[in-house]
Amino acid sequence: MKYYIWHFSKYRFFKAFVAIGILTTICFFAFVSEDKNVFAPNFFLSSLSDLYSVFQFPTHTLLWGFFSSNNVLYFLGLVINSLLFAFIIEIGFVSEIVYKIKREEGKQESKP
């Protein structure tokens, strides 16, 4: 457990946050354009708009009444979701690094 704090990379976390934020924005615009019938429906646009429900998950699914009351709160909820997903991705990277370190330490201890 002592390895987790040292291998958390703020840079990797920021990159994941930006990537998820861009994907959320693209899916949001696809969702709105499909809802308003701006473009002709196609598979790619409908897939992106369906993916938007994944990016809405924790805040907008559980606390819809609060986050739908104001536009600023709605987009703040999307930012919170992006931060949460970026944190989950970074923890996945950290646990993989820690697993590799522990495996290497186990190999070194078993050698005579």
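Right above here is the structure, for reference.
Here is a short report on the structure shown in this document. (Residues numbered from 1 in each chain as written. Predicted model: local features only at pLDDT ≥ 70, side-chain atom pairs only at ≥ 80, totals over all residues. Heavy atoms only, no water.)

**Observations concerning the side chain of Thr 24**
Phase 1 of the analysis: When you line up the elements, Thr 24 lands in helix 2 (residues 10-35).
Phase 2 of the analysis: Relative accessible area serves as the criterion here: at 5%, Thr 24 is assigned to the buried category.
Phase 3 of the analysis: From its side chain, Thr 24 meets the backbone oxygen of Ile 20 in a polar contact 2.7 Å long.
Phase 4 of the analysis: Once residues within four sequence positions are removed from consideration, Thr 24 is found in contact with Tyr 52, Phe 55, Leu 78 and Ser 82. (Helix = DSSP H or I, 4+ residues; strand = E, 2+ residues; numbered from the N terminus. Buried < 20%, exposed > 50% of the residue type's maximum accessible area, 1.4 Å probe, protein only. Polar contact = N/O pair within 3.5 Å; in protein donor to acceptor, adjacent residues only side chain to side chain. Contact = heavy atoms within 4.5 Å.)

**Quick notes on the side chain of Ser 33**
Phase 1 of the analysis: Inspection of the secondary structure assignment puts Ser 33 in helix 2.
Phase 2 of the analysis: With residues near it in sequence (within four places) discarded, Ser 33 still touches Val 38, Phe 39 and Leu 45.

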